[in-house]
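# Close look at the chain arrangement
What follows is each chain in one-letter form.
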Amino acid sequence: MFKPPFILFVLFLFVYPTSQTQAQDREFGIRLANLQNFGLIYKKNKVSHWTRWHASFAGLDADFSEDVFNGRLDLGFSVGKEKRKAVGEKMNFIHGSQFLLGLSLRSNNSNFNGTTSLGYGYLIGMNLELPNSFVLSLETIPRINVVFNGNSDFLNTSISADFN
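Notes on the structure in this doc start here. (Residues numbered from 1 in each chain as written. Predicted model: local features only at pLDDT ≥ 70, side-chain atom pairs only at ≥ 80, totals over all residues. Heavy atoms only, no water.)

## Things to note about the pairing of strand β7 (residues 134–140)
Basically, it comes down to this: For two strands to count as paired, DSSP must find a minimum of two bridges between them. Secondary structure counts use DSSP, requiring at least four H or I residues in a row for a helix and at least two E residues in a row for a strand, with both numbered from the N terminus.
Where strand β6 (residues 111–130) lies against β7, 7 bridges are found, and the strand directions are antiparallel. Looking at β7, one finds that Glu129 is bridged to Val135. Count of turn residues in the β6/β7 antiparallel hairpin: 3 residues, of which Asn132 carries a positive phi of about 65°.

Below is the structure:
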């Protein structure tokens, strides 16, 4: 469930006045992967590219029933470069490299598991410049991850590849 401070923060991002030059130098946004996976994204314009920072919140579940606690928390962070190539007057092809970090915690009364992943991905997508300094983007990030999963008794290492 969304909490009021989060909603106020999101409203602040949309309402905060910026000058035209500031709007061209940076972008704030919300990135949705599905109804349970959202994140905040910040982009800063450099001379030859945009630097992207993305923090995601992919899930929080908690179940308290009959003296048993089951819970899950998934977080992610990425940083990378985005390059833009004009396709039309208001449309750009976007691409660039991303470095990713993920953290996932799972718990119940008798077991605790933690997963950390380190990865590299390549951003591919399009963005459309809309009126009033809004930008709509459609993007995907094919990525490869090294995943460390375990608890105090064991550690399992694997490699995975997917689309984000």
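Next, the rest of the story.
## Considerations on the layout of surface pockets
The condition is simple: Cavities and pockets were defined on a 1 Å grid built from protein atoms only: a cavity is a group of points that admits a 1.4 Å probe but offers it no way out, a pocket is an open group of points flanked by protein on both sides within 12 Å along at least five of seven lines, and a lining residue is one with an atom within 4 Å of any such point. Grid points are joined across faces, edges and corners, and a volume is the space filled by probe spheres set on the points. In this count, Pro and Cys sit with the nonpolar residues alongside Ala, Val, Leu, Ile, Met, Phe, Trp and Tyr, while Asp, Glu, Lys and Arg are called charged and the others, Gly among them, polar.
Reported here for the second largest pocket is a volume of approximately 520 Å³. Lining the second largest pocket are 27 residues; nearest its centre among them are Ala58, Leu75, Gly76, Gly102 and Arg143. Within the residue set of the lining of the second largest pocket, elements represented by two or more residues are β1 (26–34), β2 (37–45), β3 (50–65), β4 (68–86), β5 (91–108), β6 and β8 (142–150). Examining the composition of the lining of the second largest pocket, we find that 6 residues originate from one element, β5, more than from any other. Considered class by class, the residues forming the lining of the second largest pocket number 10 nonpolar, 13 polar and 4 charged.

On their own, these measurements won't tell you what the molecule is for.
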